Amino acid sequence: MTSTLTIGRRRGGIEILQFVRDRTAMIFTFLFPALLLLLFGSIFGDDYDHPGLSAARVFSASMIAYGIVSTAFITMGVGIATDREDGTLKRLRGTPATAGAYFLGKLILVAALTAAEVLVLLGVGVLLFDMPLPSDAGRWFTFGWLFLLSVVACGLLGIAASALVRSARTAGAVLNVPVVALQFLSGVFIHPITQLPDWMITVASIFPVKWMAQGFRYVFLPDSAADLEAAGAWELGRIALVLGGWCVIGLVLCLLTFRWTNRRDG
Amino acid sequence: MTAIKARGLRKTYGTQIAVDGIDLDIATGEVFALLGPNGAGKTTTVEILEGHRRRTGGDVSVLGEDPGSASRAWRTRIGIVLQTASDAGDLTVAEVVRHVGGFYPRSRPVTDAIELVGLEDKAGARVRTLSGGQRRRLDVALGIVGRPELVFLDEPTTGFDPEARRQFWALIRALAAEGTTILLTTHYLDEAEALADRLAVIAGGVIVAEGTPATLGGRSAAGAVVRWGGDQEIRTDDPAALIAGLVGRGADLSGLTVSRPSLEDTYLSLIGEAR
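Residues numbered from 1 in each chain as written. Chains lettered and ligands numbered in written order. Predicted model: local features only at pLDDT ≥ 70, side-chain atom pairs only at ≥ 80, totals over all residues. Heavy atoms only, no water.

### Describing the overall build of chain B
Consideration 1: Scanning chain B from N- to C-terminus turns up nine helices and 12 strands.
Consideration 2: Based on the C-alpha atoms only, the size of chain B along its principal axes is roughly 70 × 45 × 35 Å.
Consideration 3: Evaluated residue by residue, chain B yields a buried proportion of 51% over its 275 residues.
Consideration 4: Taking the contacts inside chain B whose residues are at least 6 apart along the sequence as the reference set, 66% of them involve residues at least 24 apart.
Consideration 5: When the accessible area of chain B is evaluated, it comes to approximately 11800 Å², of which 48% is carbon and sulfur surface.
Consideration 6: If the 31 positive side-chain charges of chain B are averaged to one point and the 36 negative ones to another, these points end up 5 Å apart. (Helix = DSSP H or I, 4+ residues; strand = E, 2+ residues; numbered from the N terminus. Buried < 20%, exposed > 50% of the residue type's maximum accessible area, 1.4 Å probe, protein only. Contact = heavy atoms within 4.5 Å. Areas by Shrake-Rupley, 256 points an atom, 1.4 Å probe, with all protein chains shown as cover. Lys, Arg positive; Asp, Glu negative; His and termini not counted. Charge placed at Lys NZ, Arg CZ, Asp CG, Glu CD.)

Here's what the structure looks like:
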């Protein structure tokens, strides 16, 4: 019998193929964060009196968090709601393909998309806004675990959120509202985050986005920019802790809420 | 050999009873049709047999396993043709068939599966661009690409034009000729009559009649109606004797017909009684 691993890998390939062929998904999920970065970066250009810092550079770093949320959380949430509605999940359930193979395929899709998204955003940041790439291995190591924890947390939360969505038609709109609101609260669109009222920072600190954005700013901005963070420091340990916590919460929510179908019983 | 065996199958949703004690015996290699009006419990029954729904009570064995706790190996032996799927729109016909075929240990070659359902011309077309009937034929291809021993078809020809239905019937006959056991549900009596070795009528969650298309509901024993000469009509249990008598009298036998109640008459009276 074909193993779950093999089927999962093939599901990944077929998921990527479908995503790439779906122009709406390509434009609204994949290219939208890059478009926002172009706009924000060009509008606010250079209004920092901090050495080695410009608004465009700050946006380039922070917007990676938004890109990951967009490709991991939104793609996962909308994708599963769609699969539940159009018969993809029902079909798979009637075949020897397992739920594990299905999720492996989704994870491959999300990981590949997110990696491509980050490359596009870095490309815009480096080529258009002169954001230098870090030269020390330590920062790249941080980038690695930060990326991994972010993708897993957002992907799992996307799976959980798909249970809240009633229909695939509205999934994009329903999931984007909290996501865009969180970007404002979390210092992705507004930097430094200390401009925000304290309660907003407190609310944002509960969710992963603030920590993701903070971590990517650590990776791509000079050390001195730590002054502009809410705590006046990068807080790498806390970032890892919060994101790790959300991975666990996401996994538990997935196991509790995942449904094969959108009808009673299933 | 029994492919499907059910005893006292029940399914309730709260206080609502969808299936109220059904017994089924379907032999290996048989084409069995489940007929019944909307809401009779056909789809619920089939989904329980497919392992897509949990039953509330009763014993069920499908290919020797309980579908409620069936193994992956069991899944390789059954094929399910979905009724309303609209998935994989951005893939081509050949891509989807290849992908789904890859789940099974001894699947049909992609071109064979596509040819069986008559979609050769559309193999390279995006699924989104298929007509309704072509889309359903693709669903059949996906249901049989793994060479299942047992195929479930839930109202497979709903929305087909007459020609597409005839082609579809030929396909089912070809599968049956390979020895595949087929359980289909349908609204169409002519379809059940054309395809099924045996059929059962389900109404209000119970089976109200079971038999071959020729004998269902006492159809073969029911009186025949003899019509002749334009407006003459007699109901009789012995049409041969009646006709011999008519010939002896030199009656005008132009337009002579002898008919048993149609399957539709029998069906309508069966589900009428059940209501």
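### Here we look at the nonpolar core
Across soluble globular proteins, nonpolar side chains have a tendency to be buried as a group.
Consideration 1: Residues A:Met63, A:Ile68, A:Phe73, A:Phe220, B:Val97 and B:Leu153 are the most contacted members of the largest nonpolar core, which totals 123 residues.
Consideration 2: Residue contributions to this core peak at 17 residues, all from helix 3 (residues 55-86) of chain A.
Consideration 3: In this structure, A:Phe73 is in contact with A:Ile68, A:Cys154, A:Leu157, A:Gly158, A:Ala161, A:Leu175 and A:Val179, ignoring residues within four places of it in sequence. (Core = buried A, V, L, I, M, F, W, Y, C linked by side-chain atoms within 4.5 Å.)

### Section: the confidence of the model for chain B
Consideration 1: Taken residue by residue, chain B gives an average pLDDT of 84. The fraction at 70 or more is 97%.
Consideration 2: Predicted confidence in chain B is weakest over helix 9 (residues 263-274) of chain B, with a mean pLDDT of 71, and strongest over helix 3 (residues 93-101) of chain B, with 93. (pLDDT = per-residue confidence, 0-100.)

### So, a negative patch on the surface
All names here are of chain B.
Consideration 1: A cluster of acidic residues, Asp112, Glu115, Glu120 and Asp121, forms a negative patch on the protein surface.
Consideration 2: Position of Asp121 among the secondary structure elements: in the loop between helix 4 (110-116) and helix 5 (132-144).
Consideration 3: Exposure remark for Asp121: the relative accessible area of 79% places this residue in the exposed category. (Patch = residues over 30% accessible without salt bridge, like charges linked within 9 Å, V, L, I, M, F, W, Y side chains within 5 Å. Salt bridge = Lys/Arg side-chain N within 4 Å of Asp/Glu carboxyl O.)

### Considerations on the side chain of B:Glu191
All names here are of chain B.
Consideration 1: Of note, Glu191 is situated in helix 7 (residues 189-195).
Consideration 2: On the basis of relative accessibility, which here comes to 0%, the residue Glu191 falls in the buried class.
Consideration 3: Each residue touching Glu191, except ones within four places of it in the same chain, is listed here: Pro156, Thr157, Arg165, Trp169, Leu184, Thr186 and Ala196.

### Section: the interface of chain B and chain A
Consideration 1: On the side of chain A, 27 residues touch chain B, which itself brings 32 residues to the contact.
Consideration 2: Buried surface at the junction of chain B and chain A, summed over both partners, amounts to about 2800 Å²; 51% is from carbon and sulfur atoms.
Consideration 3: Scanning the region where chain B abuts chain A turns up four salt bridges.
Consideration 4: For the salt bridge of A:Arg91 with B:Asp139, the shortest nitrogen-to-oxygen distance reads 2.8 Å.
Consideration 5: The interface formed by chain B and chain A holds 12 residue pairs in polar contact (both at pLDDT 80 or more) in total.
Consideration 6: Breaking the side of chain B that touches chain A down by element, the ones donating at least two residues are strand 1 (2-13), helix 2 (72-75), helix 3 and helix 5 of chain B.
Consideration 7: Among the residues forming the side of chain B that touches chain A, the class breakdown is 12 nonpolar, eight polar and 12 charged. (Buried area = accessible area lost by both parts, 1.4 Å probe. Polar contact = N/O pair within 3.5 Å; in protein donor to acceptor, adjacent residues only side chain to side chain. Nonpolar A, V, L, I, M, F, W, Y, C, P; charged D, E, K, R; others polar.)

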